Amino acid sequence: GFGDVIGPGKTVALKVNLLKKNRPEDCVTTHPLVVAAVARRVRELGARAVIGDSPGGPFHKGALKEIYRISGMEEAARLSGAELNFDVSTVEVGNPQGVLAKQLTQTAFTHNADVVIDLPKLKTHGMTRYTGAVKNLFGTIPGTVKVEYHYRMPELERFSAMLVDVCQYVNPAFTIMDAVWGMEGDGPSAGDPRHIGAILASCSPYALDFAAAGLILSDPTAICTIRRAMERGIGPQRLGDINLVGDQ
């Protein structure tokens, strides 16, 4: 439960998916009502809830303000009493447990938080086929620095290994996926909205991705980030390894 790690005086980063300037009904970004509900619960526990992401493109306050407005995050903050992140500073960190990414550039927004909650959107992806809990944390790499990571690791196997490295470093306490309306086809931004009708939550981003991919694919292990986690022994090896509570 949230109360185990969230309490008075804590700063909680709500790391949403804000790929670019899209309205909630486009199904590209995490829906603001999901974000508001999580932020409200965080604040009920006496903690500070800060909503943010580093979208594609330049990472500066003007760009963030516009995307927060269009995506509905301004409204999510208003409904819940949360704050919007406008800290665009970055930090260079060591990641000794990483397989490929031994050094990372990180947004101060997530790096300085006491707790990170990962709030991805269930979508298809042109490169990785699926984007979810692990892939969403690539947004802790600031702005155009993400382009450098793509350039350095163009092969899918290396790129997906780096994504797991980032996830291992950020180590979100909770992951809550907006899969009420997802996206199929030419994702993560040009696909078609698809009603799925689910919200998934887990302490493990790897277990959540396995379960979420199982909703839309016959073989979740075909997803590159899931395979990389399996190879390292940090994710489930089969659906039966996951304790599913609630709607089966």
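Everything quoted here is computed from the prediction, not taken from an experiment.

J.: If you had to explain the packing of helix α1 (residues 32–44) against helix α3 (residues 73–80) to someone new, which residues and values would you point to?
T.: Remark: α1 packs on α3, axes separated minimally by 8 Å, with the N-to-C direction vectors making an angle of 30°. Viewed along their axes, α1 and α3 form a crossing whose handedness is right-handed. Only Met 73, Ala 76, Leu 79 and Ser 80 of α3 make contact with α1, whose side of the interface consists of Pro 32, Leu 33, Val 35, Ala 36, Ala 39, Arg 40 and Arg 43. Residues that form the contact of α1 with α3 fall into these classes: eight nonpolar, one polar and two charged.

J.: Describe the side chain of Thr 128, with residues and values.
T.: Take Thr 128: it is sitting in the loop between β7 (121–125) and β8 (129–131). The exposure class of Thr 128 is buried, given its relative accessible area of 3%.

J.: Can you explain the packing of helix α8 (residues 205–216) against helix α9 (residues 224–232)? Please cite residues and give values.
T.: Helix-helix packing is characterised by the crossing angle of the two axes and by the distance between the axes. Closest axis-to-axis distance for the α8/α9 pair is 10 Å, and the angle between their directions is 135°. In terms of orientation, α8 and α9 fall into the oblique class. Helix-helix and strand crossings are classified by hand; for α8 and α9 the assignment is left-handed. Contacts between α8 and α9 involve Tyr 206, Asp 209, Phe 210 and Ala 213 on the former and, on the latter, Ile 226, Ala 229 and Met 230. In terms of residue class, the contact of α8 with α9 is built from six nonpolar, no polar and one charged.

J.: Kindly report on the pairing of strand β2 (residues 48–52), identifying the contributing residues and their values.
T.: With four of five residues buried, β2 is to be regarded as a mostly interior element. Note: strand β1 (residues 11–16) against β2, five bridges, orientation parallel. Counted as the bridge partner of Val 12 is Ala 49 from β2. The parallel pair β1 and β2 is bridged by α1, and the resulting crossover is right-handed.

What counts, and at which threshold
- Residues numbered from 1 in each chain as written.
- Predicted model: local features only at pLDDT ≥ 70, side-chain atom pairs only at ≥ 80, totals over all residues.
- Heavy atoms only, no water.
- Axes fitted to C-alpha atoms, helices over the stretch in contact; angles between N-to-C directions.
- Helix = DSSP H or I, 4+ residues; strand = E, 2+ residues; numbered from the N terminus.
- Left-handed = near helix turned anticlockwise from the far one by under 90°.
- Contact = heavy atoms within 4.5 Å.
- Nonpolar A, V, L, I, M, F, W, Y, C, P; charged D, E, K, R; others polar.
- Buried < 20%, exposed > 50% of the residue type's maximum accessible area, 1.4 Å probe, protein only.
- Parallel < 35°, antiparallel > 145°, perpendicular 65-115°, else oblique.
- Pairing = 2+ DSSP bridges.
- Right-handed = clockwise from strand over helix to strand, strands pointing away.

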